[in-house]
Amino acid sequence: MGLPVATSWFERTKVDDAITLVWEPHVVPLMRCNIWHVAGRDRDLLVDTGMGVASIVEAVGDLFEHGVTAVATHGHDDHIGGHHEFDDVVAHPLEASSLETAPLRSLHIVEAWGQEVVDVLEASGYPMHDEYFVDALPVGVALETFRQRPARVTRLVDEGDVIDLGDRVFEVLHLPGHSPGSIGLWEAATGTLFSGDAIYDGPLLDELPESDIAAYCATMERLIALPATVVHGGHEASFGRQRLVEICDRYLALRG
Ligand SMILES: [Zn+2]
């Protein structure tokens with residue numbers, strides 16, 4: 001039962017002078033999250049860290065010019081696998097326990113999540129034909145023994161708290177719905193939102209056991225009112241204000 005060995009695990013592309021998108025091409029699309037690096041004057045920001053199958057510090061450490069603040073937009077297993085590699089780890093209080101218990105104990109999808117969650121995902125628009133979360137493995141990682149490693153959350157944040165990189169300031173927005181402690185990072189000066197799984201340009205998940213559709217509707221109303229010019233989501237491609245409003249309106253028409 002071998003999967004092929006992948007010699008490089010992460011890929012990256014520069015978005016602009018300061019922002020780099022990093023992702024894991026061998027993780028199945030549903031679980032392939034966007035990892036965002038922002039280079040600041042005094043600190044580096046990392047928004048989410050992927051599955052934790054390979055070391056993100058080894059792979060993209062050359063991008064880091066200062067100490068790294070690793071933020072978890074929420075505690076889902078596809079976003080928090082690499083946080084254990086950092087000593088400045090930021091999350092919302094309602095998500096911190098997920099990081100500290102390292103949710104993913106198997107790379108086998110049904111074994112890890114149970115059939116019920118897999119059925120919810122299928123009904124939400126994700127074909128669930130894959131047996132594993134990955135279609136290859138990094139050198140030295142075994143399918144049978146992989147476990148995510150727990151991280152230590154060193155700073156709890158909530159609505160209105162600030163992540164300060166020296167020359168750039170991100171405000172924490174509490175955006176519940178997908179999960180209770182989902183947060184976004186909002187930079188008013190540039191109209192930039194790192195939104196995690198609160199909003200991205202693909203099927204949104206609001207029927208997971210920890211999801212809350214009424215809260216999600218309120219989050220969508222809030223996002224419509226936000227003067228964002230670019231949204232860097234937890235999955236899929238980035239988008240602008242018009243698409244933001246379209247996605248929110250569509251969600252509210254369906255669920256509101
Ligand atoms: Zn999620």
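A.B. asks: With reference to specific residues and values, describe the coordination of the zinc ion.
C.D. replies: Within the protein, the zinc ion binds to His74 (NE2), His76 (ND1), His178 (NE2) and Asp197 (OD); these donor distances fall in the range 2.1 to 2.3 Å. Around the zinc ion, the four donor atoms sit at angles spanning 85 to 178°, and that spread fits a shape best called irregular. All donors of the zinc ion come from a single chain, and their spacing in sequence reads H-x1-H-x101-H-x18-D. Separated by 123 residues along the polypeptide, His74 in the loop between β6 (67-71) and β7 (89-91) and Asp197 in the loop between β13 (192-196) and α5 (213-225) bring together distant segments of the chain.

A.B. asks: Can you explain the sheet that holds strand β2 (residues 11-14)? Please cite residues and give values.
C.D. replies: Read from one edge of the open sheet, seven strands run β2-β3-β4-β5-β6-β7-β9, paired in mixed fashion. The strands lining the two open edges of the sheet, one partner per strand, are β2 and β9 (155-156). In terms of strand pairing, strand β4 (residues 35-39) meets strand β5 (residues 43-47) through four bridges, oriented antiparallel. The residue bridging Ala39 from the neighbouring strand is Asp44, located in β5.

A.B. asks: Mind laying out helix α4 (residues 115-123), listing which residues take part and the relevant values?
C.D. replies: Those residues of α4 lying buried are Val117, Val118 and Leu121. Taken end-on, α4 shows its buried residues confined to a sector of 100°, consistent with a single buried face. Pointing more than 90 degrees away from the buried face of α4 are the exposed residues Glu116 and Ala123. Contacts from the buried residues of α4 go to α3 (109-113). In the segment just after α4, Gly125 is the residue with positive phi, at about 110°.

A.B. asks: I'd like to hear about the packing of aromatic side chains, residue by residue, with values.
C.D. replies: Inspection of every chain in the model, using the stated rule, returns five aromatic pairs. Here the aromatic rings of Phe64 and Phe86 are separated by 6.1 Å at their centres, their planes lie at 70°, and the arrangement is edge-to-face. One end of the pair, Phe64, is in the loop between α1 (56-60) and β6; the other, Phe86, is in the loop between β6 and β7, and 22 residues separate them in sequence. Given the relative accessible area of 11%, Phe86 is considered buried. Consider the rings of Tyr216 and Tyr251, whose centres lie 4.8 Å apart with planes at 35°: the pair is tilted. Taken together, the residues Tyr216 in helix α5 and Tyr251 in helix α6 (residues 241-255) connect sequence positions 35 residues apart. Summarising the burial analysis for this pair, Tyr216 and Tyr251 share the class buried. Site record: aromatic cluster; members linked through ring pairs are Trp36, Phe170 and Phe194.

A.B. asks: Tell me about the sheet that holds strand β12 (residues 183-187), and please be specific about residues and values.
C.D. replies: One open sheet accounts for six strands, arranged β10-β11-β12-β13-β14-β15; its pairing is mixed. Strands with a single pairing partner mark the edges of an open sheet, and in this sheet they are β10 (162-164) and β15 (239-240). In this sheet, β13 lies alongside β12 in antiparallel orientation, the contact comprising three bridges. Among the inter-strand pairings, Trp186 is bridged to a residue of β13, identified as Leu193.

A.B. asks: Explain the pairing of β4 to me, using residue names and the numbers behind them.
C.D. replies: For β4, the tally of buried residues reaches four of five residues, placing the bulk of the element in the interior. Where strand β3 (residues 19-23) lies against β4, four bridges are found, and the strand directions are antiparallel. Pairing of Val22 across the sheet is with Ile35, part of β4. The loop that links β4 with its antiparallel partner β5 comprises three residues.

A.B. asks: I'd like a description of the nonpolar core, backed by residues and values.
C.D. replies: It is characteristic of soluble globular proteins that their nonpolar side chains tend to be buried jointly. Membership of the largest hydrophobic core comes to 68 residues, with the highest contact counts inside it found for Leu107, Trp113, Ile199, Met220 and Leu223. Only α1, β6, β7, α2 (96-101), α3, α4, α5 and α6 provide two or more residues apiece to this core. The dominant element in this core, judged by the number of residues it contributes, is α6, at five residues. Discounting chain neighbours no more than four positions away, the residues touching Met220 are Ala198, Ile199, Leu204, Cys248, Tyr251 and Leu252.

A.B. asks: Pulling in residues and values, what's your account of the environment of Asp62?
C.D. replies: Topologically, Asp62 is positioned in the loop between α1 and β6. A polar contact of 2.7 Å, which involves the side chain of Asp62, links it to the side chain of Arg12.

Calculation notes
Residues numbered from 1 in each chain as written. Predicted model: local features only at pLDDT ≥ 70, side-chain atom pairs only at ≥ 80, totals over all residues. Heavy atoms only, no water. Donors = N, O, S within 2.8 Å, 3.2 Å for Na, K, Ca; no water. Tetrahedral: all angles 85-135°; square planar, octahedral: opposite > 155°, others 65-115°. Helix = DSSP H or I, 4+ residues; strand = E, 2+ residues; numbered from the N terminus. Pairing = 2+ DSSP bridges. Buried < 20%, exposed > 50% of the residue type's maximum accessible area, 1.4 Å probe, protein only. Arc of directions from axis to C-beta. Contact = heavy atoms within 4.5 Å. Phe/Tyr/Trp six-rings, centres within 6.5 Å; stacked < 30°, edge-to-face > 60°. Core = buried A, V, L, I, M, F, W, Y, C linked by side-chain atoms within 4.5 Å. Polar contact = N/O pair within 3.5 Å; in protein donor to acceptor, adjacent residues only side chain to side chain.

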